[in-house]
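Residues per chain are reported as follows:
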Amino acid sequence: MERETGTFTVKSGLAEMLKGGVIMDVTNAEQAKIAEDAGACAVMALERVPADIRSEGGVARMADATKIEEIMQTVSVPVMAKARIGHFVEAQILQALGVDYVDESEVLTPADEEHHIDKWAFTVPFVCGARDLGEALRRIAEGAAMIRTKGEAGTGNVVEAVRHQRTMLRQIGWLRTLRPEQHVSAAKELGAPVELVRQVAAAGKLPLVNFAAGGIATPADAALMMQLGVDGVFVGSGIFKSEDPAPRARAIVEATTHFNDPDALAKVSRGLGEPMPGLDIKELGEEGLLQVRGW
Amino acid sequence: MKAGVLALQGDFREHARVFADLGVAVREVRTQAELAEVHCLAIPGGESTTIGKLARSAGLVEPIRQRVLDGMPVLGTCAGMIVMATEVKGGEPLLSLMDITVCRNAYGRQVDSFETELTVAGIDHPVRGVFIRAPWVERVGQGVDVLAEHGGHPVVVEQGNLLATSFHPELIGETKLHEYLLGKV
């Protein structure tokens, strides 16, 4: 029998398998091992965690291929890696390396201010960030197989992830109230293809898996996002910028599974040491925001 | 009757939907108390290492094994197959229930994930097999029946009350294997 690879079912299917899990940012093989041992359902390979990108400045690019390969050889869970927005050659390289998912990410410095990557052209699946429903549907139209809220990476402050998820929920709720003749004007307002708008209006949810990202630093943050209806969480700087990464990573994994059980959450929230230092979003100013990258 | 779905991590909602489509009450299982309520169990696709750690910390490993010894039917898909196996290449056995040797991520990485058409014994239509970083079965013990093969490896296996697939019938709304499981209750 013939095998079909790179179909949309296969691409979005891996995202379905990651649900209820925690995807952790790692910058080397040692961190990847800690993440896997803590129960991460996947790891995200990158050069520097967002908090360091934020403090060090400069152009943030795809991680070095050797680093990514070391991480792939060290862990058996899926390995994701970040490419710059619009940098389709970084994505081609990541696909050639055999990474399991590409994150076209606003955390890296955008390579194209007008166009995102044509993700249909790839066998490897893509996850993309979104602040609202229109942005999510535009990424899906470009071939993304998984969505995440952008939040505000590297801040340890969950407020933007909450804002983005609540915006998504509010807009989906609004679509549900519309009559069919209103779908085209809704599509115009959202800046999204009408077919996808109709699909969301009928189903009452995004057509793809949606994780939370950007600012999750504690087990409670992870459970908060899960209770707000996301399918799983990405934790970037929150683990390896904290005082004691391994127990915190384990606790966030437990909290993501038992998100609706306050007793279980209380149990895992003990004795974790200091979380990463947080940043007030207002102090960053418009210039300091990563979430406004991409459109 | 209540069907259980192990809801620690993975595509447990898809399994729950299949049971619901078959008109059966469903319980997500994350605790021993929830396990005690159900008459059969689906173990979903997901990350087998993650599911294993969460099952251990929730104290579910021995209780599931005991329920199976007492006759509870179990269907495991992909990661579910891995956690049911007695021997795991590239990992550790968790429940050690089914006498098979599985090899994790045997078809390769995600870019090698695929779909194909399968013939499954007892199902009168072709089944769309979606294989995502899937395991394959390298050895089946005595008393294990092979219900489907692909590329020379068993992909649906049955041993008494236990049923396991390398692929994901739940992802495409294929209900026959869940129906077969319910028939064992």
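Provided above is the structure to which this section pertains.
Since we're looking at a predicted model, the values are computed, not measured.

**Q** Mind showing me how you'd approach the overall build of chain A here?
**A** In terms of regular secondary structure, chain A is built from 14 helices and nine strands. Scaling as 2.2 N^0.38, a compact globule of 295 residues should have a C-alpha radius of gyration of about 19 Å, and chain A matches this with 18 Å. Overall, the C-alpha framework of chain A stretches about 55 × 45 × 45 Å when taken along its three principal axes. The buried share among the 295 residues of chain A stands at 61%. At a minimum sequence separation of 6, the contacts of chain A that also span at least 24 residues come to 67%. Accessible surface for chain A amounts to roughly 11600 Å². Of this, 50% is attributable to carbon and sulfur atoms. Taking the average location of the 31 positive side-chain charges in chain A and that of its 42 negative ones, the two points are 5 Å from each other.

**Q** Quick question: what am I supposed to make of the sheet that holds strand β4 (residues 74-77) of chain B here?
**A** Adjacent strands of a sheet form backbone hydrogen bonds with each other and so pair up, either parallel or antiparallel. All names here are of chain B. The strand order β2-β1-β3-β4-β12-β11-β10 describes an open sheet built from seven strands, whose pairing is mixed. What marks the edges here is a single partner per strand, and that holds for β2 (25-29) and β10 (145-150). Averaged over all pairs of adjacent strands, the angle between strand axes in this sheet comes to 20°, irrespective of strand direction. Pairing of β4 with strand β12 (residues 162-165) involves four bridges; the strand directions are parallel. Residue pairing for β12: T77 is matched across the bridge by T165. The strands that helix α1 (residues 12-21) touches are β1 (2-6), β2, β3 (40-43) and β4; relative to β1, the one it contacts most, it runs at about 165°.

**Q** Looking at this model, I keep getting lost on the nonpolar core. Mind explaining?
**A** Nonpolar side chains in soluble globular proteins tend to be buried together. Counting residues in hydrophobic clusters, the biggest one holds 87 residues, and the most contacted among them are A:M24, A:I68, A:L94, A:M225, B:L6, B:L41 and B:I100. Listed in part, the 27 residues of the second largest apolar core include B:V5, B:I123, B:A148 and B:F167.

**Q** Just checking my understanding: could you explain the side chain of B:H178 for this structure?
**A** For B:H178, the position within the fold is in helix α6 (residues 176-183). Beyond its immediate chain neighbours, meaning those up to four positions away, B:H178 contacts B:H15, B:V18, B:F19, B:L22, B:L75 and B:E170.

**Q** Help me out: how do you make sense of the interface of chain A and chain B in this one?
**A** Reports of interface size often rely on the accessible area that becomes lost once the parts have come together. Each side of the interface is counted separately: chain A has 42 residues, and chain B has 36 residues. Of the charged contacts, one joins B:R109 and A:D100 as a salt bridge, the two residues approaching to 2.6 Å between their closest N and O atoms. Counting the contacts that link chain A with chain B gives 24 residue pairs in polar contact (both at pLDDT 80 or more). For the side of chain A that touches chain B, the secondary-structure elements that each account for two or more residues are β1 (4-5), α1 (8-18), α2 (29-38) and α12 (245-257) of chain A. Counting residues per element, the side of chain A that touches chain B draws most heavily on α1(A), at eight residues. Broken down by class, the residue content of the side of chain A that touches chain B amounts to 17 nonpolar, 14 polar and eleven charged. Note that β1(A) and strand β7 (residues 114-118) of chain B share two bridges and pair antiparallel. From the neighbouring strand, A:T5 faces β7(B), where its bridge partner is B:F114.

**Q** I tried to follow the packing of helix α10 (residues 219-227) of chain A against α12(A) on my own but got confused; where do I start?
**A** The geometry of a pair of packed helices is captured by two quantities: the angle between their axes and the separation between those axes. Residue and element names in this part refer to chain A. One way to put it is that α10 packs onto α12 with a least axis distance of 8 Å and a crossing angle of 25°. When the axes of α10 and α12 are compared, the pair comes out roughly parallel. Crossing geometry of α10 relative to α12 is assigned as right-handed. Between α10, through P219, A222, A223 and M226, and α12, the contact on the second element is made entirely by R248, A251, I252, A255 and T256. Of the residues belonging to the contact of α10 with α12, the class tally is seven nonpolar, one polar and one charged.

**Q** I keep staring at α6(B) and nothing clicks. Help me out?
**A** Counting along an α-helix, one turn takes 3.6 residues, and residues three or four places apart therefore face a common direction. Residue and element names in this part refer to chain B. Listed in full, the buried residues belonging to α6 are L177, H178, L181 and L182. All buried residues of α6 lie within an arc of 145° about the axis, which places them on one face of the element. Residues of α6 that are buried sit in contact with β1, α1, β3, β4, β11 (153-159) and β12.

Parameters and conventions
Residues numbered from 1 in each chain as written. Chains lettered and ligands numbered in written order. Predicted model: local features only at pLDDT ≥ 70, side-chain atom pairs only at ≥ 80, totals over all residues. Heavy atoms only, no water. Helix = DSSP H or I, 4+ residues; strand = E, 2+ residues; numbered from the N terminus. Rg over C-alpha atoms; globule rule 2.2 N^0.38 Å. Buried < 20%, exposed > 50% of the residue type's maximum accessible area, 1.4 Å probe, protein only. Contact = heavy atoms within 4.5 Å. Areas by Shrake-Rupley, 256 points an atom, 1.4 Å probe, with all protein chains shown as cover. Lys, Arg positive; Asp, Glu negative; His and termini not counted. Charge placed at Lys NZ, Arg CZ, Asp CG, Glu CD. Pairing = 2+ DSSP bridges. Axes fitted to C-alpha atoms, helices over the stretch in contact; angles between N-to-C directions. Core = buried A, V, L, I, M, F, W, Y, C linked by side-chain atoms within 4.5 Å. Salt bridge = Lys/Arg side-chain N within 4 Å of Asp/Glu carboxyl O. Polar contact = N/O pair within 3.5 Å; in protein donor to acceptor, adjacent residues only side chain to side chain. Nonpolar A, V, L, I, M, F, W, Y, C, P; charged D, E, K, R; others polar. Parallel < 35°, antiparallel > 145°, perpendicular 65-115°, else oblique. Left-handed = near helix turned anticlockwise from the far one by under 90°. Arc of directions from axis to C-beta.

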